[in-house]
Amino acid sequence: MTQSVDLARAEQRFARRLRLVRRRSWLPWAIGGGLVALAGVIVWLFYFSSVFAVSGVRISGADTVPVATIEQTAAAPIGTPLAKVDLRAIADRVRTIPAVADAQVTRAWPRKIVIVVTERVPVVVVTDGSRYELVDATGTSYRTVPDRPAGLPEARVTGVRRDVTVHSVVTVSAALPESLRTQVGSITATSPDSITLNLSSGVKVVWGSSDDSARKAEVLSVLMKRDAKVYDVSAPDLPVTKGEKR
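Residues numbered from 1 in each chain as written. Predicted model: local features only at pLDDT ≥ 70, side-chain atom pairs only at ≥ 80, totals over all residues. Heavy atoms only, no water.

### Digging into the side chain of lysine 216
Here's step 1: Relative to the helices and strands, lysine 216 resides in helix H6 (residues 213–223).
Here's step 2: Buried and without a salt bridge, lysine 216 has aspartate 212 as its closest oppositely charged side chain, separated by 6.2 Å.
Here's step 3: Of the polar contacts made by the side chain of lysine 216, one reaches the backbone oxygen of tryptophan 207; its length is 2.8 Å.
Here's step 4: Leaving out residues up to four positions away in the same chain, lysine 216 has contacts with Trp207, Gly208, Ser209, Asp211, Val233, Ser234 and Pro236. (Helix = DSSP H or I, 4+ residues; strand = E, 2+ residues; numbered from the N terminus. Buried < 20%, exposed > 50% of the residue type's maximum accessible area, 1.4 Å probe, protein only. Lys, Arg positive; Asp, Glu negative; His and termini not counted. Salt bridge = Lys/Arg side-chain N within 4 Å of Asp/Glu carboxyl O. Polar contact = N/O pair within 3.5 Å; in protein donor to acceptor, adjacent residues only side chain to side chain. Contact = heavy atoms within 4.5 Å.)

### Some words on the packing of helix H4 (residues 162–175) against H6
Here's step 1: Direction vectors running N to C along H4 and H6 enclose 45 degrees, while the axes themselves pass 9 Å from each other. Between H4 and H6, the angle falls in the class oblique. Here the hand of the crossing between H4 and H6 comes out right-handed. Across from Thr171, Val172 and Ala175 in H4, the residues of H6 making contact are Ser213, Ala214 and Ala217.
Here's step 2: Counted by class, the contact of H4 with H6 contains four nonpolar, two polar and no charged residues. (Axes fitted to C-alpha atoms, helices over the stretch in contact; angles between N-to-C directions. Parallel < 35°, antiparallel > 145°, perpendicular 65-115°, else oblique. Left-handed = near helix turned anticlockwise from the far one by under 90°. Nonpolar A, V, L, I, M, F, W, Y, C, P; charged D, E, K, R; others polar.)

### Focus: the nonpolar core
Here's step 1: Of all hydrophobic cores here, the largest spans 27 residues; its most connected members are Val169, Val205 and Trp207.
Here's step 2: Of all the secondary structure elements, the ones that give two or more residues to this core are strand S4 (122–127), strand S7 (154–157), H4, strand S8 (184–189), strand S9 (195–199), strand S10 (204–208) and H6.
Here's step 3: Not counting the four nearest positions on each side in its chain, tryptophan 207 is found in contact with Val172, Leu176, Ile195, Thr196, Leu197, Ser213, Lys216, Ala217, Leu220, Val233 and Ser234.
Here's step 4: Listed in part, the 26 residues of the second largest apolar core include Ala76, Ala103, Val117 and Val125. (Core = buried A, V, L, I, M, F, W, Y, C linked by side-chain atoms within 4.5 Å.)

### Points about the side chain of asparagine 198
Here's step 1: Locating asparagine 198 in the fold gives a position in strand S9.
Here's step 2: With relative accessibility at 12%, the residue asparagine 198 sits in the buried group.
Here's step 3: For asparagine 198, the side chain forms a polar contact with the side chain of lysine 204, separated by 2.8 Å.
Here's step 4: Apart from residues no more than four positions distant in its own chain, asparagine 198 is found in contact with Gln183, Val184, Gly185, Ser186, Ile187, Thr188, Val203 and Lys204.

What follows is the structure, given as structure tokens:
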């Protein structure tokens, strides 16, 4: 009798162990299946459902460029899952706006696109006598205005190779120390090699080309300690003054 009881108990223990082994063998498959299902749900939520679809655009950095212009040019795909939006394409479109120097586009979960623009900053205004073009530090003309803006050197550019000449004028303007730049009333240039600064005092500075502009600015700062009507730094190693008072 005792042997029968022991045998039954042994069989029960064996059966329990067998069930445990079977459960353990299926556990990795169950976990793996659960993870796959979870991944499928996540993919569906982020890439195919409307739960995280684009609902709007947030813009910062815009000062002179209308926000409406940026929104229209960006053409953000409203209703498209945020994870599927081509951010680079949006940034490229915004950069086509003339007054925008750069644009960075990011996702703001759960449903927004953020566009941060960097606007061009004018360093000189170029005119032909009838209109005024704002030009930034890269030499890019990006906006035409009816009146001359205050606080910017006016450049009168004539002749051929206009774009090259404008770029040279910008290079010269950027090389000027602030104390001298504020004295510049206008800049005239008929070519990239014939740039002249006209100071508000009536003094002229013959600059020549934009080459060695930093060196020319240093020489000019020393040369202007002499009282003269014309300062020629086109050859910075051999500067010349004219109309110097004795």
